[in-house]
Amino acid sequence: MSLEQELVKIVKKLKGNLITIDVSNDKTLEAIKKNKKLINVYEFTFGGRIYPKVKSIKGKNKYHIKKMKKYFEKKSVNYFMCEINHLKKFFHVFIKDSIDLNNNTIYLYGEKNSYSIKELKYRYERYGCKVEIVENELGFILIIKTGENKTSKLQNFKYYVRDSFYNLGELITQILIN
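Since we're looking at a predicted model, the values are computed, not measured.

**Notes on the packing of helix H5 (residues 91-101) against helix H6 (residues 117-125)**
At a closest axis distance of 10 Å, the pairing of H5 and H6 adopts a crossing angle of 45°. In terms of orientation, H5 and H6 fall into the oblique class. Our pair here, H5 against H6, has a crossing hand that is right-handed. On H6, the residues that touch Phe91, Phe94, Ile95, Ser98 and Ile99 of H5 are Leu120, Arg123 and Tyr124. Looking at the contact of H5 with H6, its residues break down into 6 nonpolar, 1 polar and 1 charged.

**A word on the pattern of salt bridges**
The tally for this structure, following the rule as stated, stands at 11 salt bridges. With a closest N to O distance of 3.9 Å, Lys9 and Glu6 form a salt bridge. With Lys9 and Glu6 both in helix H1 (residues 3-13) and 3 residues apart, the pair spans about one turn of that helix. Since its relative accessible area comes to 37%, Lys9 is described here as partly exposed. Ionic pairing is found between Asp163 and Arg162, a salt bridge with its closest N-O pair at 3.4 Å. Classification of Asp163 by relative accessible area gives buried; the value is 2%. Linked by salt bridges that have partners in common, Glu119, Arg123, Arg126, Arg162 and Asp163 make up one network.

**Focus: the environment of Leu14**
Along the polypeptide, Leu14 turns up in the loop between H1 and strand S1 (16-21). As for Leu14 and Asn78, which are separated by 64 residues in sequence, their C-alpha atoms are 8.7 Å apart. Not counting residues within four places of it along the chain, the set of residues in contact with Leu14 comprises Asn35, Lys37, Leu38, Tyr79 and Tyr107.

**Regarding the side chain of Thr20**
Along the chain, Thr20 falls in strand S1. For Thr20, a relative accessible area of 2% corresponds to the buried category. Dropping the residues within four chain positions of it, Thr20 is found in contact with Ile32, Tyr42, Glu43, Phe44 and Met81.

**What about the pairing of S1?**
Burial within S1 is extensive, with 6 of its 6 residues counted as buried. Taken together, the 6 bridges between S1 and strand S2 (residues 38-44) define a ladder with parallel strand orientation. Each bridged residue has a counterpart across the sheet, and for Leu18 the counterpart in S2 is Val41. Tracing the backbone out of S1, into helix H2 (residues 26-34) and back to the parallel element S2 gives a crossover that is right-handed. As judged from the 4 bridges shared by S1 and strand S5 (residues 77-83), these two strands associate in the parallel manner. By the bridge assignment for S5, Thr20 is matched with Met81.

**Side note on empty space enclosed by the protein**
Empty pockets left among the atoms are what a rolling probe the size of a water molecule brings to light. The final tally for this structure, using the stated rule, is 1 cavity of 30 Å³ or more. By volume, the largest cavity is sized at about 50 Å³. Lining the largest cavity, in full, are Phe91, His92, Ile95, Lys96, Arg126, Tyr127, Asn156, Tyr159, Tyr160 and Asp163. Residue assignment for the lining of the largest cavity shows that the elements contributing at least two residues are H5 and helix H7 (153-177). Residues belonging to the lining of the largest cavity are distributed by class as follows: 5 nonpolar, 2 polar and 3 charged.

**Observations regarding the environment of Glu43**
Assignment of secondary structure puts Glu43 in strand S2. A residue is classified by how much of its surface remains accessible, and Glu43, at 23% relative accessible area, is partly exposed. Each C-alpha atom, one on Glu43 and one on Met81, is 9.7 Å from the other, the two residues being 38 residues apart in sequence.

What counts, and at which threshold
- Residues numbered from 1 in each chain as written.
- Predicted model: local features only at pLDDT ≥ 70, side-chain atom pairs only at ≥ 80, totals over all residues.
- Heavy atoms only, no water.
- Axes fitted to C-alpha atoms, helices over the stretch in contact; angles between N-to-C directions.
- Helix = DSSP H or I, 4+ residues; strand = E, 2+ residues; numbered from the N terminus.
- Parallel < 35°, antiparallel > 145°, perpendicular 65-115°, else oblique.
- Left-handed = near helix turned anticlockwise from the far one by under 90°.
- Contact = heavy atoms within 4.5 Å.
- Nonpolar A, V, L, I, M, F, W, Y, C, P; charged D, E, K, R; others polar.
- Salt bridge = Lys/Arg side-chain N within 4 Å of Asp/Glu carboxyl O.
- Buried < 20%, exposed > 50% of the residue type's maximum accessible area, 1.4 Å probe, protein only.
- Pairing = 2+ DSSP bridges.
- Right-handed = clockwise from strand over helix to strand, strands pointing away.
- 1 Å grid on protein atoms, 1.4 Å probe; cavity = no way out; pocket = protein on both sides within 12 Å on 5 of 7 lines; lining within 4 Å.
- Points joined across faces, edges and corners; volume = space filled by probe spheres on them.

Listed below in structure tokens is the structure:
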């Protein structure tokens, strides 16, 4: 089954609040619009900008991706669905925010060669989340069950420093390779 078909199948099961980040394939967006069980859908799109402003589909409010905790209450979002291609430079902020805001499941998907699946799985498992990976020849979907997991300031700082050094190492590697 293709990645797009798998995403459509997932969207049909969702109910409650949904935040989408950079979801751009037409079939998935159409399935989100058709799903009557979704109460609020917030759509984050990058549009080539470094710091994207985000629009809510229903309210037309603008949000900033680095300040999601400011706009949403803790454990108020049922689902996140994100394409990781543009999101990877915000992982040091996004991972802890998504765990704090989400009370059900996070769906991250992308191409296999765009990011290390093992690293992403590790980053969520260190907070105590259960991570399941669905793969095919082109891409993957990470299904992350957050439940009642919480983060602390000390834990967040420790992981922020670790992730910053990891990102710095990745940047140096990219510079040396290119």
